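Structural description and commentary
Residue-level listing of the chains:
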Amino acid sequence: MTVELFAVFLGSSIRLAMPLLIAALGELVSERGGVLNMSVEGMMLAGAFGGAVGAWATGSPGLGLLCGLLAALPVALLQAVLTVGLRANQVVTGLGLNILVLGTTTLAYREIFGARSRDEIPGFATWKPPLLGDIPVFGEAVFRQVWLVYAAIPLVAVLAFVLRRTALGITLTAAGQDPRTVERAGLSVTSIRFGAVLTTGFMAALAGTFLSIGDIHTFTEGMTNGAGYLAIAAVIFGNWTVGRTVLACFLFGAATALQFQLPAMGIVVPNALLVMLPYLLAFLAVAGLVGRQTAPRALAVPHWR
Amino acid sequence: MSSSSFRLALDLLTPVLAVVAALLIGTILVAVIHVPLPDAFESFVDGTVGSPYAIAVSLNRAVVYALVGLGFVLAARAGLTNVGGEGQIAVGGIAATAVALWGPIAGLPFGLAFIVPLLTAAIAGAAWAALAGVLKARVGTNEVISTLLLSFIAVWLVYGCVQSEALLRRPMTSAATLPESLPIPDATQVPLLTGDPAAPVTIGLVLAGILALVVAMVLNRSRFGFQLAAVGLNPIASRRAGFSYGLTVTLALALAGALGGLAGGLMLLGEQYTLRAGFSSGYGFDGLVVGLLARGSVLGVIAAALLFGFLRSAGITMEMEAGIPTALVQILQGLIILAVAGAAFWLDRRAPGSRKAP
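These remarks concern the structure in this document. (Residues numbered from 1 in each chain as written. Chains lettered and ligands numbered in written order. Predicted model: local features only at pLDDT ≥ 70, side-chain atom pairs only at ≥ 80, totals over all residues. Heavy atoms only, no water.)

Notes on the overall build of chain B
From N to C terminus, chain B includes 13 helices and zero strands. Reading the secondary structure of chain B in the N-to-C direction produces α-α-α-α-α-α-α-α-α-α-α-α-α. Computed over its C-alpha atoms, the radius of gyration of chain B comes to 21 Å, within 12% of the 21 Å expected for a compact globule of 358 residues. Over its C-alpha atoms, taken along the principal directions, chain B stretches across nearly 65 × 55 × 35 Å. Across the 358 residues in chain B, those meeting the buried criterion constitute 54%. (Helix = DSSP H or I, 4+ residues; strand = E, 2+ residues; numbered from the N terminus. Rg over C-alpha atoms; globule rule 2.2 N^0.38 Å. Buried < 20%, exposed > 50% of the residue type's maximum accessible area, 1.4 Å probe, protein only.)

Re the side chain of B:E86
Residues and elements named next belong to chain B. Mapping E86 onto the fold places it in helix α4 (residues 85-100). Notably, E86 is buried but unbridged: the nearest opposite-charge side chain belongs to R312, and the N-O separation is 9.3 Å. Look past the residues within four positions of E86 in its chain and what remains in contact with it is S151, V155, S280, S281, G282, Y283, G284 and F285. (Lys, Arg positive; Asp, Glu negative; His and termini not counted. Salt bridge = Lys/Arg side-chain N within 4 Å of Asp/Glu carboxyl O. Contact = heavy atoms within 4.5 Å.)

Brief notes about the interface of chain B and chain A
Each side of the interface is counted separately: chain B has 42 residues, and chain A has 39 residues. Summed over both partners, the interface of chain B with chain A comes to about 3,700 Å²; 82% of that surface belongs to carbon and sulfur atoms. The interface formed by chain B and chain A holds one salt bridge in total. For the salt bridge of A:R110 with B:E319, the shortest nitrogen-to-oxygen distance reads 3.6 Å. Elements that contribute at least two residues to the side of chain B that touches chain A include exactly α1 (3-32), α6 (143-163), α11 (283-293), α12 (298-322) and α13 (327-349) of chain B. The dominant element in the side of chain B that touches chain A, judged by the number of residues it contributes, is α13(B), at 13 residues. Of the residues in the side of chain B that touches chain A, the class split is 30 nonpolar, nine polar and three charged. (Buried area = accessible area lost by both parts, 1.4 Å probe. Nonpolar A, V, L, I, M, F, W, Y, C, P; charged D, E, K, R; others polar.)

Let's talk about a nonpolar patch on the surface
Residues and elements named next belong to chain B. A grouping of L108, F110, L112, I115, L119 and I123 is seen on the molecular surface, where their side chains present a nonpolar patch of about 600 Å² in accessible area. Mapped onto the elements, F110 comes out in the loop between α4 and α5 (112-138). By relative accessible area, which is 76% here, F110 ends up exposed. (Patch = residues over 30% accessible without salt bridge, like charges linked within 9 Å, V, L, I, M, F, W, Y side chains within 5 Å. Areas by Shrake-Rupley, 256 points an atom, 1.4 Å probe, with all protein chains shown as cover.)

By themselves these figures say nothing about function.
Spelled out as structure tokens, the structure:
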């Protein structure tokens, strides 16, 4: 691999890992609180759709971002009301929401855009940091990224801090491990989990707008195409911790980037293997073959007072 | 009215209300996208009961949903949520194709030419799902997570199998050769019930009916059914009663997987005849939803499978004939799922003993 190719590979790995990372950290918040939030796929799709429509209608990617967040809000609210409030089966609710969002965005997209689907949608500006961006070869290829990539860094830091060091984070983890004890301590598991699901909605929507107006400046029907499920796999492979989930996302991003890079370099690797790799790794991890896995004990278990 | 028949009435009423409400919303949506209502209605009828072909296709679809749904209900009795239907269909399809394409099979007498591939499909599905069972018993892995991951792996396994000539891809004669398997030999195709290609409903329909009966008997009348329920309701007490937890959960998931694998085999040998990437697309997850909506009852599985089978077929015809995107049916399906999943709260509250049920 030449240095130039390697730089391109690094850059595209980061670009591909980013939406995954933002969504996976959102999913992590829900799962730490005991909610297996399968609708992260639908939340991302709603965010991507809202972002694209908003940016196209207003001409401003910033307002598009806002629209994306608003579009994912009803999905998150439904997920929270149904699974936390009404204790509906979390997996089925998630799958139901995903199919509902897929249908709704597809229908709405055809109604709104119709024949104008080739219209350019304004997207986020790119930016490169002053010093790192000046490194020859790598500066442009690796560090010139959409500003959302750089905005994600403090976001991750804050999230990690809240989860590890604050009462809120510890309570959240407790709600996923032993909800009865949390309840006995006088705290409401319901409100904690409700908040966790809404947080996931916010993060997934950000990730979704990254897909539509950050990366490729267009919306296509069902464009998330399983990215949400990949985020769930990242959380599992990440053993429900922030650090390992971030690593998992970069690993999965690199695996995706390789799918495009290897053929260009004339190396033949079964494509299916690379696409499957994240799920395979996550499976090996939960099978206990890659260290000990500790899922939240109350994951996917509805809480009854 | 006794409380149990009251509960049954509620159980039946909820999905019916949900379906009616969803159809109403669907009608409004049709009007919103400026499709004349009579056109929509006509294509809906065409796609569901308008022709023997439409009925047959809907029934074949319902058979797949029913098999996966039965598996879900069976595993749910042992307190397990089998999210792996999609993957079990996929490995079933791979196994059925591989065996059907293997030289000597097509020459077998007495219908063994399609029975052997179908059995292999069921075994492959069972083995695939049993992996999750073993993990649950040995490592304590949450079966929701393991079966979900196994589904994604299996879906990409199909993709890999039809991409590689060393596996199931048909020999490449030109650059335009599609990434798919060779068509299976005629002798290995599952026979049609009517014998008439204009109404291609397969004997899978009869098979699914028999299996539904068997599952109902096993769940409600057999020692094994009791064992499943015991483990599902209270693993610790059931262990004291002498039931092995590990064996029970592994068997439950394996049986669910066998039903899913069989569904995949039927799809391949009865309808598609050629293995293609994504052939299972969504069937397994729809089947899971069918199983959940059934709320543990075999009759419920049959009703929900028929509903979704016909609804999906209607969606496809409505797109072709009236220009209504299939997305509309997806919306309706999503609404029905959410309504019934959410309503479980009120239903379960009336039966304090079954709080753990879906």
